[in-house]
Amino acid sequence: MQWTKEHEQLRSSVRQFVDREINPKIEEWESAPPFPAKVLFKKMGDLGFLGINKPEKYGGLGLDYSFNLVMAEELGSCLHGSVPMAVGVQTDMATPA
């Protein structure tokens, strides 16, 4: 597998999102759950992060699963696992069903 320029652009975008929108707030969310999933998922959806490999006709980006992998890798930079797990459940378990 060779990462393309497009993969690296997505990687950079997700990393910036994690650094700006998740990591500064995650300690607070972990100490006083629940985290604001509706707000966070809306932001992620607006950026195209929640429908990466879904067909464009359904609002996705229509990219192959390797782009989902890039997003998952970058979500691994979250300081806690709860948010990446919640995102993964929505994108890879709930949405396909």
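Thresholds, definitions, all that
- Residues numbered from 1 in each chain as written.
- Predicted model: local features only at pLDDT ≥ 70, side-chain atom pairs only at ≥ 80, totals over all residues.
- Heavy atoms only, no water.
- pLDDT = per-residue confidence, 0-100.
- Helix = DSSP H or I, 4+ residues; strand = E, 2+ residues; numbered from the N terminus.
- Expected span 1.5 Å × (residues − 1).
- Bend = angle between axes of the 7 residues up to and from the residue.
- Buried < 20%, exposed > 50% of the residue type's maximum accessible area, 1.4 Å probe, protein only.
- Contact = heavy atoms within 4.5 Å.
- Core = buried A, V, L, I, M, F, W, Y, C linked by side-chain atoms within 4.5 Å.
- Arc of directions from axis to C-beta.
- Polar contact = N/O pair within 3.5 Å; in protein donor to acceptor, adjacent residues only side chain to side chain.

S.K.: Mind showing me how you'd approach the confidence of the model for the protein chain here?
M.R.: Low pLDDT means the predicted coordinates in that region are not meant to be read closely. Predicted confidence across the protein chain gives a mean pLDDT of 93, with 100% of residues reaching 70 or more. At the level of individual helices and strands, the protein chain shows its lowest average pLDDT in helix α4 (residues 82-94), which scores 91, and its highest in helix α1 (residues 5-31), which scores 96.

S.K.: Mind showing me how you'd approach unusual backbone geometry here?
M.R.: Glycine aside, residues mostly have negative phi angles, and peptide bonds mostly take the trans form. Of note, the amide linkage connecting Pro 33 to Pro 34 takes the cis form, showing an omega dihedral of 0°. Following the sequence through the fold, Pro 34 ends up in the loop between α1 and α2 (37-46).

S.K.: Sorry if this is basic, but what is going on with α1 here?
M.R.: Residue pairs three or four apart in sequence face the same way in an α-helix, which turns once every 3.6 residues. An ideal rise of 1.5 Å per residue puts 39 Å on 27 residues; α1 measures up with 38 Å between its terminal C-alpha atoms. The sharpest bend along α1 measures roughly 45° and falls at Lys 25. Every buried residue of α1 is listed here: His 7, Leu 10, Arg 11, Val 14, Phe 17, Val 18, Glu 21, Ile 22, Asn 23, Ile 26 and Trp 29. Taken together, the buried residues of α1 touch α2, α3 (65-75) and α4.

S.K.: Teacher, can you tell me more about the nonpolar core here?
M.R.: Side chains that are nonpolar tend, in soluble globular proteins, to be buried together. The biggest cluster of nonpolar side chains holds 21 residues, and the ones touching the most others in it are Ile 22, Leu 40, Met 44, Leu 75 and Val 83. Among the secondary structure elements, those contributing two or more residues to this core are α1, α2, α3 and α4. Looking at this core, the element that brings in the most residues is α1, giving 7 residues. The residues contacting Met 44, other than those within four sequence positions of it, are Phe 17, Phe 49, Leu 50, Leu 75 and Val 87.

S.K.: Where do I start with α2 in this structure?
M.R.: Within α2, the full set of buried residues consists of Leu 40, Phe 41 and Met 44. Summarising the axial view, the buried residues of α2 lie within an arc of 95°, below the 170-degree limit, and thus occupy one face. Projecting away from the buried face of α2 at angles above 90 degrees are the exposed residues Lys 38, Lys 42 and Asp 46. Packing partners of the buried residues in α2 comprise α1, α3 and α4. Of the residues trailing α2, Gly 48 is marked for its positive phi of about 85°.

S.K.: Just checking my understanding: could you explain the side chain of His 7 for this structure?
M.R.: Here His 7 lies in helix α1. At 2.7 Å, the side chain of His 7 forms a polar contact with the side chain of Ser 66. Dropping the residues within four chain positions of it, His 7 is found in contact with Met 1, Gln 2, Ser 66, Phe 67 and Val 70.

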